[in-house]
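# Understanding the architecture of this molecule
If you want the building blocks of each chain, they are given just below.
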Amino acid sequence: GIVSSAFWAGLGGMVKSFNQQYADYEVDMIEMSPRAQKQAILNKEIDIGLVRFADALEIHPLSSTPLTNECFVVAVAQDNLLAQQEVITLAALRNQRFSFMRRENSASAALIINECSQAGFIPEVGKEFIEPTSLMAYVAISQSVAVVASSFAAHQWEGIHFIPLQEKIPASLCAIYDNNSCSEAARLFIGCISSQ
């Protein structure tokens, strides 16, 4: 199971590397929300889920392994005054309108809202999106801000500027799986891609 932003975090290269090392196995991918992935793993419908860091927290009885080393960054339209900042704090976003991935599909929004609360404010949530491409397209044409994984910046987005956050909030891509019933192929896959 994968979240669609997994490819921006290098999933394609990870799968190619696995295919080269283990030609006898075939990787099949199904795009699913993190919640659906967790249920599918428990139902033994998929072997592994690929989710963002926030969705790999508090997942007992499942286990997780980080696959990338990413933090959150702030995405704004190029004409937003914030785009002049080289680095920004969450507190500096206090008066901004936020856009997120839909909270029922991603725990990252809840993580960012909690981090904003720790910084002394509750963010105003303007829009929520199912697809990350829709989120980024909206940010490009609005004065809304989005806090997204740093791998989003590797993609070419027209009209978007990314600003590193001073706070280092993890946004890594993680593998989630059932350690008690993980197949040999799944263990090889996790081992291969987590070593890159």
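The following paragraphs examine the structure supplied in this document. Keep in mind that this is a model prediction, so the values were computed, not measured. (Residues numbered from 1 in each chain as written. Predicted model: local features only at pLDDT ≥ 70, side-chain atom pairs only at ≥ 80, totals over all residues. Heavy atoms only, no water.)

## A few points about helix α3 (residues 108-118)
How we decide: With a 1.4 Å probe rolled over the protein chains alone, any residue whose accessible area is under 20% of its type maximum counts as buried; one over 50% counts as exposed, and the rest are partly exposed. Helix and strand definitions here come from DSSP, where helices need a minimum of 4 consecutive H or I residues and strands a minimum of 2 consecutive E residues; each element is numbered from the N-terminal end. Contacts were defined at the residue level, with two residues in contact if any of their heavy atoms lie within 4.5 Å.
For α3, the complete set of buried residues consists of S108, A109, L111, I112, I113 and C116. If you follow the buried residues of α3, they end up packed against β1 (48-52), β3 (72-77), β4 (97-101), β5 (124-129) and β6 (146-149). Of the residues one or two after α3, G120 is the one with positive phi, at around 105°.

## Regarding the environment of D24
With respect to the helices and strands, D24 occurs in the loop between α1 (11-21) and α2 (34-42). On the basis of relative accessibility, which here comes to 79%, the residue D24 falls in the exposed class. C-alpha of D24 to C-alpha of I193: the two residues are 169 residues apart in sequence and 16 Å apart in space.

## With respect to unusual backbone geometry
With an omega dihedral of 15°, the bond running from H60 to P61 counts as a cis peptide bond. Here P61 shows up in the loop between β1 and β2 (63-66). One non-glycine residue, E58, lies in positive phi territory at about 50°. For E58, the position within the fold is in the loop between β1 and β2.

## A few points about the sheet that holds strand β7 (residues 160-164)
As a reminder of what qualifies: Strand pairing follows a simple DSSP-based rule, namely that at least 2 bridges must link the two strands. Throughout, an axis means a line fitted to C-alpha atoms (over the contacting stretch in the case of helices), and angles, computed between N-to-C directions, take values from 0 to 180 degrees.
Strand order in the open sheet formed by three strands is β6-β3-β7, with antiparallel pairing between adjacent strands. A strand with exactly one partner marks an edge of an open sheet, and here the two such strands are β6 and β7. Across the sheet, the mean angle separating the axes of adjacent strands is 40° when strand polarity is ignored. Where β3 and β7 come together, five bridges link them in antiparallel fashion. For V74, the partnering residue across the bridge sits in β7 and is I163.

These results come straight from atomic positions and should not be treated as a statement about function.
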